[in-house]
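Here is what each chain is made of, one letter per residue.
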Amino acid sequence: MATPSSAALASRHARHSPQRDEQEAVQKRTFTKWINSHLAKHKPPLEVSDLFEDIKDGVKLLALLEVLSGQRLPREQGRQLKRIHWVSNIGTALKFLEGRKIKLVNIHATDIADGRPSIVLGLIWTIILYFQIEELTSNLPALQALSNSNSSVDSTASCETGSPPMKRRVNNKFQGNAKKALLRWVQCTAAKDFGIEVKDFGPSWRSGVAFQAVVHAIRPDLVDMEVVRRRNNRENLEEAFALAENELGIPRLLDPEDVDVDKPDEKSIMTYVAQFLKHYPNPQHSEGDGQQDEVLCSSLPFSQSKEERKMLRELKVFLDQLERDLLRAQAAEGSLTDKYQAFKNFHVQYEMKKKQTDQLLQPVHKEGKLSVDQALVKQAWDRLSARLLDWHIHLDKSLPGPLGMIGAWLHRAEMALREDIPLQHVHEETANVLHRKLEQHKVKLLKSLESHRQTFMQIHKDRSVNGVPVPPEQLQDMAERFNFVSTSSHSHLIKLEFWEIKYRLMAFLVLAEAKLKSWIIKYGRRDSVELLLQSYLSFVEDHRFFDQYEIIFTALKQAAEVYVKSDSSIDEAEGVSKFLTETTAQWKNLALEVRSVRSMLEEVICNWEKYSSTVASLQAWLEDAEQMLNKSESTKRDFFRNLSHWIQQHMDMNDAGNFLIETCDETVSRDLKQQLLLLNGRWRELFVKVKHYARADEVDKLRQDYQDGINTLKMFMDATNEKMTAPIQVSFLNVRAFVQDVEV
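These figures come from a predicted structure and were not determined experimentally. (Residues numbered from 1 in each chain as written. Predicted model: local features only at pLDDT ≥ 70, side-chain atom pairs only at ≥ 80, totals over all residues. Heavy atoms only, no water.)

Turning next to the overall build of the protein chain. For the protein chain, the count of helices and strands is 28 helices and four strands. Taken across its 744 residues, the protein chain has 45% of its residues classed as buried. Residue pairs in contact within the protein chain that sit at least 24 positions apart in sequence constitute 74% of those at least 6 positions apart. Per element, the accessible surface of the protein chain, about 38,700 Å² overall, is 53% carbon and sulfur. (Helix = DSSP H or I, 4+ residues; strand = E, 2+ residues; numbered from the N terminus. Buried < 20%, exposed > 50% of the residue type's maximum accessible area, 1.4 Å probe, protein only. Contact = heavy atoms within 4.5 Å. Areas by Shrake-Rupley, 256 points an atom, 1.4 Å probe, with all protein chains shown as cover.)

Pasting the structure below:
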């Protein structure tokens, strides 16, 4: 099984180190500047301030892809964008990239919407690789073979995953070849003239001399390399970046402090250096000196050298001769012992040539095709391999009695254990293939193993079959192979079980993602949204969506625990742990999105209900109100007494309508806008004439309160006047009583 490389493991261990954090910070600054250099060309111009935040809604991501591709991409826009609209925008961007056959590994829309740094940086790096570096290198004929990758870029989003027990083509060819092409361009256009060793996009650039050499290659009058060699790193870097920006028009993506560190970030440096190639692909001609100097070194591996072709032809001759010798040895008379010894001699020569053959058969042509010489060698190698295997099988079958049967079975068992299971286009199909292999393994291998074990142990002990001696070397080789099959079969079974459940889970998550995309579309009329809600409820509740995940994930964790115990590889254990962690994080985001769909659909339906009811009632009221304008004042006052209620209805209609315009498809939105335009026009025309009736009830109440106050005051004055004019007899008691009455 393929496992992560040591470099990948080291990367994982360093992920949370200060150095890793600083590299992420440098990438963030560099990528932000690169994005802004392109968004400045957008109409209207846009700008990214905080990459991890500004990319969340997908709007600027789509704008960037539009600038880079020259295509118009659909998007969700508006002030009321919600998270599901963010995910929809990002999904559109990822689908666009996948449509260009750019492979996106472990990059999900929800991760971008969450602003996860490593995922965001991985996505932007993928875009830079495809839209900048592939384009640039493909424009140089000498570099096409290096940079070509069948229009396919793999983005691992700064993480590696364990590989299943099969040939899983993790295609990092593009990134590796693009890096080689760009590095060779630097070496051949700048570094070679000054004896500067530029062997990477990291420490080789720290001193700033390499940057200065690139500028010098384009404009020799700008740089004195002798002075450059005497200056310190920061001075060289600052001057190189300033000259490139001010004199050559190269956007400044880096600062000296980004590069003058122990391990400069190679992705940031590659992004910056590629701009020189973009603006000056042929620096030797930039000054118009008329010289037809060759731009690239003759050592660029865009085609095979004479030496390589010679080696291939010599290898072809050797393989043809070895095949002829093998056929003669097979046909020769002799004992089984002699023939097996001859087979072993040929096998040793075969293994000795295997490494050289693998190296020489690396594709050098576009689209990964082999040269004619390579194709001939491959044919010869495949023929030789097949003949050796057939001879080995024949020799084992030729053993006496049951040992011959065991020999034939042993070959079938080895093939089963080493068989590569091709990845299917759909995860569910891969899981089904794994399930069939698992059942075959149980029936054909494990049962046969037990039935053959006792017989073989007895033959190995006796060194003979029914008294007939067995070639000792062949028997010992079979014993080692039998032991391999015996010890590997159980762990292989465990491995198949784990990978079957893993792909079941991956298929489940893909299905959930697909369903989610079908639910966060631009919506239609109310009946279609209600059908979507029914579909959602059927999928989530009737099929126990969340329970299904828990069942599969629990089974996966149990299988993973057994699998890790059976496999002593630390790399594989880390790969399994990483997959479980990433799957848990992916499910957390996905489950949150799926749960939010119901509330969104219900909110859309609720707004349709509110909009429909308010439109119907408001239209009917407007008909009556417009006719009422010709009536008497008292009639109008009475009719418009509850105008405040219709003001609220009008506001509710517009709130619901604007929400639906933002969330519905173009056709529905256009109809809603037209309907609202007409109704709001009628409303404004009417409201100007009747708005003073909005407080009629309040005015009537104030008028009544005023009248009641007047009446009360009149009664008081009448009573007072009556008391003041009434005659009284003059006496102390009468006067005191009168005063008291007045005071009261």
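Attention now moves to unusual backbone geometry. Of note, the amide linkage connecting Lys43 to Pro44 takes the cis form, showing an omega dihedral of -5°. Within the element layout of this structure, Pro44 appears in the loop between α2 (18-39) and α3 (51-54). We note that Arg463 has phi near 60°; this positive angle belongs to a residue other than glycine. With respect to the secondary-structure elements, Arg463 resides in the loop between α19 (427-462) and β3 (464-465). Take Arg463: its relative accessible area is 40%, and that puts it in the partly exposed class.

Now for the environment of His435. When you line up the elements, His435 lands in helix α19. Excluding residues within four positions of it along the chain, His435 makes contact with Glu500 and Arg504.

A word on the nonpolar core. Residues Ile127, Trp205, Phe211, Phe276 and Trp621 are the most contacted members of the largest nonpolar core, which totals 152 residues. With 20 residues, the top contributor of residues to this core is helix α23 (residues 570-628). In terms of nonpolar packing, the next biggest core, distinct from the first, is built from 19 residues, Leu315, Tyr350, Leu388 and Trp391 among them. (Core = buried A, V, L, I, M, F, W, Y, C linked by side-chain atoms within 4.5 Å.)

This next bit is on the environment of Leu183. Positionally, Leu183 belongs in helix α9 (residues 173-194). Between the alpha carbons of Leu183 and Asp200 there is a distance of 7.0 Å; along the sequence they are 17 residues apart. Beyond its immediate stretch of four places on either side in the chain, Leu183 contacts Val198, Lys199, Asp200 and Phe201.

Residue position: Phe482 is located in helix α20 (residues 472-519). Here the alpha-carbon distance between Phe482 and Gly407, two residues 75 residues apart in the chain, equals 9.3 Å. Once you skip the residues sitting within four places of it in the chain, Phe482 turns out to touch Ile406, Trp409, Leu410, Leu449, His452, Arg453 and Phe456.

Examined against the element boundaries, Ser88 turns out to sit in helix α5 (residues 83-99). Setting aside residues no more than four positions away along its own chain, Ser88 makes contact with Glu76 and Ile520.

Moving on to the packing of helix α10 (residues 209-218) against helix α12 (residues 233-248). Helix-helix packing: each pair is described by the crossing angle between the helix axes and the interaxial distance. The interhelical angle for the contact between α10 and α12, taken along N-to-C directions, is 30°, at an axis separation of 8 Å. The orientation of α10 relative to α12 falls into the category roughly parallel. Here the hand of the crossing between α10 and α12 comes out left-handed. Residues Val209, Phe211, Gln212, Val215 and Ile218 of α10 form the contact with α12, whose own contacting residues are Asn236, Leu237, Glu239, Ala240, Phe241, Leu243 and Leu248. Class assignment for the residues of the contact of α10 with α12 results in nine nonpolar, two polar and one charged. (Axes fitted to C-alpha atoms, helices over the stretch in contact; angles between N-to-C directions. Parallel < 35°, antiparallel > 145°, perpendicular 65-115°, else oblique. Left-handed = near helix turned anticlockwise from the far one by under 90°. Nonpolar A, V, L, I, M, F, W, Y, C, P; charged D, E, K, R; others polar.)

Tallied over the full model, the rule gives 36 aromatic pairs. Here the aromatic rings of Phe498 and Trp499 are separated by 5.2 Å at their centres, their planes lie at 70°, and the arrangement is edge-to-face. Summarising the burial analysis for this pair, Phe498 and Trp499 share the class buried. Judged by centre distance (6.3 Å) and plane angle (80°), the ring pair of Trp608 and Tyr611 falls under edge-to-face. Taken together, the residues Trp608 and Tyr611, both in helix α23 and three residues apart, mark about one turn of the helix. (Phe/Tyr/Trp six-rings, centres within 6.5 Å; stacked < 30°, edge-to-face > 60°.)

Moving on, we get to α5. For α5, built from 17 residues, the straight-helix expectation of 24 Å at 1.5 Å per residue is met to within 8% by its first-to-last C-alpha distance of 24 Å. Here α5 has its buried residues at Ile84, His85, Val87, Ser88, Asn89, Ile90, Gly91, Ala93, Leu94, Phe96 and Leu97. Just downstream of α5 lies Lys101, where phi reads positive at about 65°. (Expected span 1.5 Å × (residues − 1).)

Here the focus is the pattern of salt bridges. All told, the structure shown has 46 salt bridges when counted by the stated rule. Among the ionic pairs, Lys565 bridges to Glu561, the shortest N-O distance being 3.6 Å. Residue Lys565 and its partner Glu561 are both found in helix α22 (residues 545-566); the two are separated by four residues, about one turn of the helix. Overall, Glu561 belongs to the partly exposed group, its relative accessible area being 48%. Two residues, Arg682 and Glu626, come together in a salt bridge whose shortest N-O distance is 3.0 Å. Of this pair, Arg682 sits in helix α26 (residues 666-690) while Glu626 is found in helix α23, placing the two residues 56 residues apart along the sequence. Classification of Glu626 as partly exposed rests on a relative accessible area of 31%. (Salt bridge = Lys/Arg side-chain N within 4 Å of Asp/Glu carboxyl O.)

Helix length check: helix α17 (residues 372-397), at 26 residues, gives a terminal C-alpha distance of 38 Å against a target of 38 Å (1.5 Å per residue), a fit within 8%. All buried positions along α17 are accounted for by Asp373, Gln374, Val377, Ala380, Trp381, Leu384, Leu388, Trp391, His392, Leu395 and Asp396. In the core, the buried residues of α17 are packed alongside α15 (306-331), α16 (336-360), α18 (402-418) and α20.

Structurally, Gln27 can be placed in helix α2. By relative accessible area, which is 6% here, Gln27 ends up buried. In this structure, Gln27 is in contact with Thr32, Leu121, Asp265, Lys267 and Ser268, ignoring residues within four places of it in sequence.

Summing up the model confidence of the protein chain, the mean pLDDT is 82 and the portion of residues at 70 or higher is 84%. Low confidence marks residues 140-175, where pLDDT is under 50. Its contacts with residues over four positions away, or in another chain, come to 116 contacts. Scored below 50 in pLDDT, residues 284-303 shows 37 contacts in the model against residues more than four places distant or in partner chains. (pLDDT = per-residue confidence, 0-100.)

One can describe the packing of α16 onto α17 by two numbers: an axis separation of 10 Å at closest approach and a directional angle of 155°. Judged on the interaxial angle alone, α17 and α16 are roughly antiparallel. Here α16 runs over α17; the crossing is left-handed. Across the interface between the two elements, Leu336, Lys339, Tyr340, Ala342, Phe343, Phe346, His347, Tyr350, Lys353, Lys354, Thr357 and Leu360 of α16 pack against Gln374, Val377, Trp381, Leu384, Ser385, Leu388, Trp391, His392 and Leu395 of α17. Tallied by class, residues from the contact of α16 with α17 come to 13 nonpolar, five polar and three charged.

Before going further, it helps to spend a moment on a nonpolar patch on the surface. A contiguous nonpolar patch, built from Leu713, Phe716 and Met717 and spanning about 330 Å² of accessible area, is present on the exposed surface. Its location among the elements puts Leu713 in helix α27 (residues 696-725). (Patch = residues over 30% accessible without salt bridge, like charges linked within 9 Å, V, L, I, M, F, W, Y side chains within 5 Å.)

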